[in-house]
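These are the residues of each chain, in order.
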Amino acid sequence: MTGQLRNSDKSQIESWIGQGPKHFSLLYSISKDGCSAQKFHEKCDHQGSTITVIYNYQGCVFGGYTSASWAACISGSTRDDKAFLFQLKFSGTDTRRQFPISDVDYGIYSHPNFGPTFGEYDEFDLKSFSGTINNASGVFQLDGAFTFGTHFDMTGVSSWDEIHDGVVTVTDIEVYSVAGKY
């Protein structure tokens, strides 16, 4: 399964992660696998480092990186001093920004009923969705939460609207495993 992430975006993400070239392998895509927390965890739990990429219909591309593994069985926060959120496009224009973790105790939040989630319970920096979201004419209306600057340093922007343009209707969410290239 191939994804939408461009080579130039992969290069940018590699530079943010550091430690040399990376291999990106698509694990999960809501447009192909369905927007379901159960399917997300089935395909992405215990896979090591991942990158979550969200594509909204407004032409914004953003997401998050974690060096920790997702694990529905944990149901709680996972410490990750390497986690970061990012922006690759805003309204169709390349806009590359990295937002590093500022509170390493709350890198990601695993829960069996949540899709990819960064931050902590009740203060999710980026919670993509809960349960199952049905496809409506090629888009998915996310029911997640975006809390600004709680556990990640959002320097350079003043709100989530400057990242997703106020639009949480998405065409896809992709999760890639990220491993060193040998």
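Located above this text is the structure these notes cover.
Rules of the game
Residues numbered from 1 in each chain as written. Predicted model: local features only at pLDDT ≥ 70, side-chain atom pairs only at ≥ 80, totals over all residues. Heavy atoms only, no water. Helix = DSSP H or I, 4+ residues; strand = E, 2+ residues; numbered from the N terminus. Buried < 20%, exposed > 50% of the residue type's maximum accessible area, 1.4 Å probe, protein only. Areas by Shrake-Rupley, 256 points an atom, 1.4 Å probe, with all protein chains shown as cover. 1 Å grid on protein atoms, 1.4 Å probe; cavity = no way out; pocket = protein on both sides within 12 Å on 5 of 7 lines; lining within 4 Å. Points joined across faces, edges and corners; volume = space filled by probe spheres on them. Arc of directions from axis to C-beta. Contact = heavy atoms within 4.5 Å. Polar contact = N/O pair within 3.5 Å; in protein donor to acceptor, adjacent residues only side chain to side chain.

A. View of the overall build of the chain. Scanning the chain from terminus to terminus reveals four helices and 13 strands. Along the first, second and third principal axes, the C-alpha set of the chain runs to 40 × 40 × 35 Å. Here the chain holds 182 residues, and 51% of them are scored as buried. Just so you have it, the chain exposes about 7,700 Å², and 44% of that area is on carbon and sulfur atoms.

B. Up close: unusual backbone geometry. Positive phi, close to 65°, is recorded for Gln19, a residue that is not glycine. Classification of Gln19 as exposed rests on a relative accessible area of 70%. In this structure, His46 is a non-glycine residue whose phi angle is positive, near 60°. As for its placement among the helices and strands, His46 is situated in the loop between helix H3 (37–44) and strand S3 (50–56). On the basis of relative accessibility, which here comes to 57%, the residue His46 falls in the exposed class.

C. Representation of the layout of surface pockets. Roughly 160 Å³ of volume is contained in the largest pocket. Considering the residues around the largest pocket, the lining is formed by 14 residues, among which Ile17, Gln19, Lys22, Tyr65 and Lys82 are closest to the centre. Only helix H1 (7–17), strand S7 (93–100) and strand S13 (169–180) provide two or more residues apiece to the lining of the largest pocket. Considering every element that reaches the lining of the largest pocket, the biggest residue donor is S13, with three residues.

D. Examining H3 more closely. Taken together, the buried positions of H3 are Ala37, Phe40, His41 and Cys44. Seen along its axis, H3 keeps its buried residues to an arc of 90°; they face one direction. Away from its buried face by more than 90 degrees, H3 exposes Gln38 and Glu42. Those residues of H3 that are buried lie in contact with strand S1 (22–29), strand S2 (35–36) and S13. Two or three places before Gln38, at the start of H3, stands the capping residue Ser36, its side-chain oxygen 3.3 Å from that residue's backbone nitrogen. Backbone geometry just downstream of H3 places His46 in the positive-phi region, at approximately 60°.

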